[in-house]
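Each chain, letter by letter, is given below.
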Amino acid sequence: CNLINCTFIDNAAINSGGAIYSKSKSSNINDCIFTNNYAGNSGGAIKSDGECVLNLNDCSFIDNSAKYGAGIYSYYLINLINCEFVNNAAINQGSAGAVYIYKDGNVSNCYFINNSAFRGGAVYGNFYLNDCICTDNNADYGGAFYIKNETRDMKSTIINCNFTNNIAKVSGGGVYTYFNTTCDL
């Protein structure tokens with residue numbers, strides 16, 4: 001699946017993938033805008049499932065909502081480059097206001113602004129994060145990021161990122177790491 005220069009506004013799914021649900025081998029999404037999409041369970045804008053490799057470049061996610069991954073829920077592998085996530089919300093005490101990464105993810109040059117969740121105001125999961133800006137995100141645990149590795153051999157890394165004004169109501173205003181988690185900051 002290849003999507004270029006598309007706009008998705010006000011789409012909804014009872015369960016998953018408010019705008020897009022992908023179970024293909026790979027999905028490439030470039031220069032797309034996702035606004036006000038909703039899923040009752042996961043992936044307010046996008047849900048990738050199975051062994052789908054999800055590649056996104058220069059995309060915007062604004063005002064999307066779901067219980068898990070208000071912007072994106074990625075099960076297998078996600079590569080995000082030059083994307084922005086603004087005002088997305090994980091609802092009903094859910095996780096990942098912007099992006100839920102179940103297995104692994106690479107995130108570079110992305111902006112996370114004013115996203116919210118119960119765990120991981122912006123991002124929840126295991127990831128390699130480079131040159132990102134995280135501002136005004138909030139959650140009970142992990143105002144910006146909640147790092148949880150699903151298998152013991154995974155390690156999260158955060159390099160050259162800026163965390164400003166992120167708030168956790170309980171713990172980890174910028175970053176919260178779950179037990180048995182390996183993380184390089």
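Structural data are supplied above this passage.
Residues numbered from 1 in each chain as written. Predicted model: local features only at pLDDT ≥ 70, side-chain atom pairs only at ≥ 80, totals over all residues. Heavy atoms only, no water.

1. As for the overall build of the chain
Let me state the cut-off plainly: Put simply, DSSP marks the helices as runs of H or I at least four residues long and the strands as runs of E at least two long, and each gets a number from the N terminus on. Each radius of gyration reported is based on C-alpha atoms, and the globular scaling rule is 2.2 Å times the count of residues to the power 0.38. Type-normalised accessible area, obtained with a 1.4 Å probe on protein chains alone, sets the label of each residue: buried when under 20%, exposed when over 50%, and partly exposed for intermediate values.
A count of helices and strands for the chain gives 0 helices and 29 strands. The C-alpha atoms of the chain give 14 Å as radius of gyration, which agrees with the globular expectation for 185 residues (16 Å, within 12%). Along the three orthogonal principal directions, the C-alpha set of the chain runs to about 35 × 30 × 25 Å. In the chain, which comprises 185 residues, the proportion classed as buried is 49%.

2. A closer look at the pattern of salt bridges
Quick note on the threshold: Note on definitions: salt bridges are taken to be side-chain nitrogens of Lys or Arg within 4 Å of carboxyl oxygens of Asp or Glu.
For the coordinates displayed, the defined rule picks out 2 salt bridges. E51 is the partner of K25 in a salt bridge, and the nearest nitrogen-oxygen pair spans 3.9 Å. With a gap of 26 residues between them, K25 in the loop between β4 (20–22) and β5 (26–30) and E51 in the loop between β8 (46–48) and β9 (53–57) connect regions that are remote in the sequence. For K25, a relative accessible area of 62% puts it in the exposed group. The shortest N-O distance in the salt bridge between D140 and K169 comes to 4.0 Å. Highlighted residues: D140 in strand β23 (residues 138–141) and K169 in strand β27 (residues 167–171), separated in sequence by 29 residues. What makes D140 buried here is its relative accessible area of 17%.

3. Here we look at the packing of aromatic side chains
Two measures describe an aromatic ring pair: the distance that separates the ring centres and the angle between the ring planes. What counts is decided by this rule: In summary, the pairing rule links any two rings of Phe, Tyr or Trp, Trp by its six-membered ring, whose centres are within 6.5 Å, and it sorts them by plane angle into stacked for under 30 degrees, edge-to-face for over 60 and tilted for everything else.
Within the structure shown, the criterion is met by 16 aromatic pairs. Judged by centre distance (4.5 Å) and plane angle (15°), the rings of Y73 and Y100 are stacked. With Y73 in strand β12 (residues 72–74) and Y100 in strand β16 (residues 99–101), this residue pair connects regions lying 27 residues apart in the sequence. For the pair shown, Y73 and Y100 are each scored as buried. Geometrically, the ring pair formed by Y146 and Y178 is tilted, given 6.1 Å between the ring centres and 35° between the ring planes. Of this pair, Y146 sits in strand β24 (residues 145–147) while Y178 sits in the loop between β28 (175–177) and β29 (183–184), and the two are 32 residues apart along the sequence. Exposure remark for Y178: the relative accessible area of 27% places this residue in the partly exposed category.

4. Points about unusual backbone geometry
The phi torsion at D58 lies on the positive side, around 55°, for a residue other than glycine. Mapped onto the secondary structure, D58 falls in the loop between β9 and β10 (60–62). For D58, a relative accessible area of 41% gives the class partly exposed. Phi at N92 takes a positive value of approximately 55°, unusual for a residue other than glycine. Here N92 is to be found in strand β15 (residues 89–95). Assessed through its relative accessible area of 58%, N92 is described here as exposed.

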